[in-house]
Amino acid sequence: MSDIILLVMALAGGGLMGGFYFSGLWWTVQKMTSSRNPYRLMLLSFLVRSLAVMAGFYLLLLPGWPALATGVLGFVVVRAVVIRKVGLPPLTLKDMHDGI
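Residues numbered from 1 in each chain as written. Predicted model: local features only at pLDDT ≥ 70, side-chain atom pairs only at ≥ 80, totals over all residues. Heavy atoms only, no water.

1. As for the nonpolar core
Counting residues in hydrophobic clusters, the biggest one holds nine residues: Ala10, Met17, Tyr21, Phe22, Val53, Phe57, Leu60, Ala67 and Phe75. Contributions of two or more residues to this core are made by helix H1 (3-32), helix H2 (38-61) and helix H3 (65-86). When residues in this core are grouped by element, the largest group, four residues, is from H1. Sequence-distant contacts of Val53, defined by excluding residues within four places in its chain, comprise Met17, Tyr21 and Phe75. (Core = buried A, V, L, I, M, F, W, Y, C linked by side-chain atoms within 4.5 Å. Buried < 20%, exposed > 50% of the residue type's maximum accessible area, 1.4 Å probe, protein only. Helix = DSSP H or I, 4+ residues; strand = E, 2+ residues; numbered from the N terminus. Contact = heavy atoms within 4.5 Å.)

2. Description of H1
With 30 residues, H1 extends 43 Å between its outermost C-alpha atoms, agreeing within 8% with the 44 Å of an ideal straight helix rising 1.5 Å per residue. Considered for burial, the residues of H1 that qualify are Ala10, Gly14, Gly15, Met17, Gly18, Tyr21, Phe22, Gly24 and Thr28. Contacts from the buried residues of H1 go to H2 and H3. (Expected span 1.5 Å × (residues − 1).)

3. Section: the confidence of the model for the chain
Residues with a pLDDT of 70 or more make up 86% of the chain, whose mean pLDDT is 89. Within the chain, helix H4 (residues 93-98) has the poorest average pLDDT of any element, 64, and H2 the best, 95. (pLDDT = per-residue confidence, 0-100.)

4. Details of a nonpolar patch on the surface
A surface patch of nonpolar side chains, amounting to about 600 Å² of accessible area, comprises Leu43, Leu44, Phe46, Leu47, Leu51 and Met54. Along the chain, the position of Phe46 falls in helix H2. (Patch = residues over 30% accessible without salt bridge, like charges linked within 9 Å, V, L, I, M, F, W, Y side chains within 5 Å. Areas by Shrake-Rupley, 256 points an atom, 1.4 Å probe, with all protein chains shown as cover. Salt bridge = Lys/Arg side-chain N within 4 Å of Asp/Glu carboxyl O.)

5. Quick notes on the packing of H1 against H3
Close contact between H1 and H3 brings their axes to 7 Å; oriented N to C, the two are set at 40 degrees. Considered as vectors, H1 and H3 are oriented oblique to each other. As for how H1 packs across H3, the hand of that crossing is right-handed. Contacts from Leu6, Leu7, Ala10, Leu11, Gly14, Gly15, Met17, Gly18, Gly19, Tyr21 and Phe22 in H1 reach Pro66, Ala67, Thr70, Gly71, Leu73, Gly74, Phe75, Val78, Arg79 and Val82 in H3. For the contact of H1 with H3, the per-class residue count stands at 13 nonpolar, seven polar and one charged. (Axes fitted to C-alpha atoms, helices over the stretch in contact; angles between N-to-C directions. Parallel < 35°, antiparallel > 145°, perpendicular 65-115°, else oblique. Left-handed = near helix turned anticlockwise from the far one by under 90°. Nonpolar A, V, L, I, M, F, W, Y, C, P; charged D, E, K, R; others polar.)

6. Examining H2
Taking 1.5 Å of rise per residue, 24 residues should cover 34 Å, and H2 covers 34 Å from first to last C-alpha, within 8% of that figure. Of the residues making up H2, those classed as buried are Leu41, Ser45, Arg49, Ser50, Val53, Gly56, Phe57 and Leu60. Buried residues in H2 make contact with H1 and H3.

7. So, the packing of aromatic side chains
All chains considered together, the criterion is met by four aromatic pairs. Judged by centre distance (5.7 Å) and plane angle (65 degrees), the rings of Phe57 and Phe75 are edge-to-face. With Phe57 in helix H2 and Phe75 in helix H3, the pair connects residues that are 18 residues apart, well separated along the chain. Each member of the pair Phe57 and Phe75 is classed as buried. Here the aromatic residues Tyr21, Phe22, Phe57 and Phe75 are joined through ring pairs into a cluster of three or more. Residue placement shows Arg49 over the ring face of Tyr21; its charged tip is 4.5 Å from the ring centre. (Phe/Tyr/Trp six-rings, centres within 6.5 Å; stacked < 30°, edge-to-face > 60°. Lys NZ or Arg CZ within 6 Å of the ring centre and 35° of its normal.)

Right, here's the structure in full:
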């Protein structure tokens, strides 16, 4: 397989993992208010999302580190898109000092 095709697939895979992770996070936050046990929901969601993404990154590591780095780039790009779309307020030094 061509190196370019491998890197494009790794970028897409990282983007898909980012989409999975952050859509799962969004779903969890929405369901926590109506959950009987929000702590359990939060923990289970975190474990499932983290294990799935770690397994995906492990699979990206098998062809070599360039594929892993490109997959991480795809993940980070999706994170930036989600943050921009959700419109989180910028964090200031005063917020960090006050403990948000």
